[in-house]
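Structural overview
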Amino acid sequence: MPRVRWLAVAVAVALVPLTACNRTPAPEGAAETPPATATPAATPARSYTDQDISDAYIYLLSRLLVLRQQQLDLKEGFKWNEIVHRKPGAVDWPNPNLDVAYSEAWIAVDESSCTLVTVPKVTGRYYTVQFLNGWGETLANINERTQRAHPNGEFAVCLKGANVQLPANATRIDLPVKYARVLARVELGDDWKGAEALQHQFAFKATGTPALPTLPVIPPFDMDKLPGVEAFEAAPAVLDSEADINAGMDAVAAKARAIAEGIKDPAERARVDQVIREKALVDFAKASPTIGHGTTKNHWARPAVSGTYKDDWLGRTLVNYAGIWANDMDEVVYYKGNLDATGTQLNGDHVYTLTFPKDDLPEKYANYFWSVIAVDPRHMRVLPNAKNRFLLNRESGLKYNPDGSLTLYFAADKPADAPDGNWLPTPRGQDYRLTFRFYGPKGGVKDGSYFPPPLVKRS
């Protein structure tokens, strides 16, 4: 995967001309001494360029997005080390997943306290318990793939190196951080009640009384109105609140700290805010269609990274913005599509079809299941419609074509020739994008060689 290339740092010196000083007139007849040439005073040399400002802003935004959601969760009533079971579809963060029942938590562990996690026995359906740090990095998953010898029962999630007395039957999982976001997912399938019953058997309990974090104060912002220069006011506290676990991030983090110091000067503050508005946000938007260093084919974008990011801070921030809490690509692979076969933005005024050949159906590439949803491109929320149908998957009652191929339909009204189960309603007059998910990716989805077919506009 291509990595972010660091640009050479150019030192920019802005010169500010001074007005001439008042002089005492020379005596009459005396030779006048030529006035001294005023020496312009330079503003302090900055150790960062406009590109550095853009890079540091996008890097910092990743952590701000997680802190924003954390503070919303705690305001809603989340309590540390207690799990919250959501009704299917009842999550309020970008790109919601309607394939699974979600349970959520924030956990705290330290040198004297671990979190005991109870995982029920789940058979015949996908499940996982995912742990993420304060940058949106996946730290661990508990499921039948990662814990083959012990996929259910008691687990003790601990700070690495902690010396804690644990139940004899608990499988220990070490984390490199003291605080983590947790998502338990249970596939809904065609038995939602069964999934919810399993969901409520997941339980959390702290073994002691861990120290809780003091969260840094961050500027309030909405997803459609990201912060400006005020993001850097919070940079030192934000960066100090949780270290980035990835190597290769020190340089861009140092730039963020330098900019935070620089904006104490009002003129520099104005300059940084302008660069954010005119460059950083533009750079961020330009990187969105390919999800940073991802690849595109048939007008579908596949990210280069998801869930775990190494030194790809651009990819991490884009994923946190468009689909926070994404899991790693061993668990699920996401494709984003917002253009039809001609490269034109998808819109609910038109009818689109997506046809999979009989020997290349989507189930070929998923060990568990696949699904496709439509979301608005600004807030990444599923689109309301009169049918209250928000995704297509194997439980949709799909009808295959006589030759064995599969055609999916996206339109405001059901096309006359479309089987009802193959149709996803898309509101008239509204732009949208599709997210295609493959759970338990295999074959071309796992190795990156596969892309869904192009979307064809019929009318």
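On a predicted model such as this, the values are computed, not experimentally measured, just so you know.

What counts as what
Residues numbered from 1 in each chain as written. Predicted model: local features only at pLDDT ≥ 70, side-chain atom pairs only at ≥ 80, totals over all residues. Heavy atoms only, no water. Pairing = 2+ DSSP bridges. Helix = DSSP H or I, 4+ residues; strand = E, 2+ residues; numbered from the N terminus. Axes fitted to C-alpha atoms, helices over the stretch in contact; angles between N-to-C directions. Core = buried A, V, L, I, M, F, W, Y, C linked by side-chain atoms within 4.5 Å. Buried < 20%, exposed > 50% of the residue type's maximum accessible area, 1.4 Å probe, protein only. Contact = heavy atoms within 4.5 Å. 1 Å grid on protein atoms, 1.4 Å probe; cavity = no way out; pocket = protein on both sides within 12 Å on 5 of 7 lines; lining within 4 Å. Points joined across faces, edges and corners; volume = space filled by probe spheres on them. Nonpolar A, V, L, I, M, F, W, Y, C, P; charged D, E, K, R; others polar.

The subject of this paragraph is the sheet that holds strand 11 (residues 203-206). In spatial order, the strands read 9-8-5-11; together these 4 strands make up an open sheet with mixed pairing. The open sheet has two free edges, formed respectively by strand 9 (171-175) and strand 11, since each of these has just one partner strand. Shown here is a sheet whose adjacent strand axes are inclined to one another by a mean of 25°, direction ignored. Summarising the sheet, strand 5 (residues 115-119) and strand 11 pair through 4 bridges and their orientation is antiparallel. Within strand 11, the position partnered with Thr115 by the bridge is Ala206.

Within the largest apolar cluster, 66 residues are counted, with the highest numbers of intra-cluster contacts made by Tyr57 and Phe232. Take this core: its biggest share by element is 11 residues, from helix 1 (residues 50-76). Once residues within four sequence positions are removed from consideration, Phe232 is found in contact with Ile53, Ala56, Tyr57, Leu60, Ala256, Ile259, Ala260, Ile263, Val272 and Ile276.

Put simply, the largest pocket is a space of about 670 Å³. Lining of the largest pocket is provided by 41 residues; of these, Leu318, Ala322, Lys336, Met380 and Arg433 occupy positions nearest its centre. Contributing elements (two or more residues each) for the lining of the largest pocket: helix 6 (266-287), helix 7 (313-323), strand 14 (332-337) and strand 20 (433-441). The greatest single-element share of the lining of the largest pocket, amounting to 5 residues, is contributed by helix 7. Looking at the lining of the largest pocket residue by residue, the class counts come to 25 nonpolar, 9 polar and 7 charged.

Another aspect to go through is the sheet that holds strand 6 (residues 127-132). Each strand in a sheet pairs with its neighbour through backbone hydrogen bonds, running either in the same direction (parallel) or in the opposite one (antiparallel). What the 5 strands build is an open sheet, ordered 3-4-10-6-7; its pairing is antiparallel. Either end of the sheet is taken by a strand with one partner, and the two such strands are strand 3 (84-85) and strand 7 (138-142). Sheet topology places strand 3 next to strand 4 (residues 100-108); 2 bridges connect them, and they run antiparallel. Considered in strand 4, the bridge of Val84 is made with Glu104. Together, strand 3, strand 4 and strand 10 (179-187) form the strand contacts of helix 2 (residues 192-199), whose direction differs from that of strand 10 by roughly 150°.

Along the polypeptide, Ser62 turns up in helix 1. On the accessibility criterion, Ser62 (0% relative accessible area) is buried. Sequence-distant contacts of Ser62, that is, excluding residues within four places in its chain, are made with Trp135, Arg316, Thr317 and Asn320.

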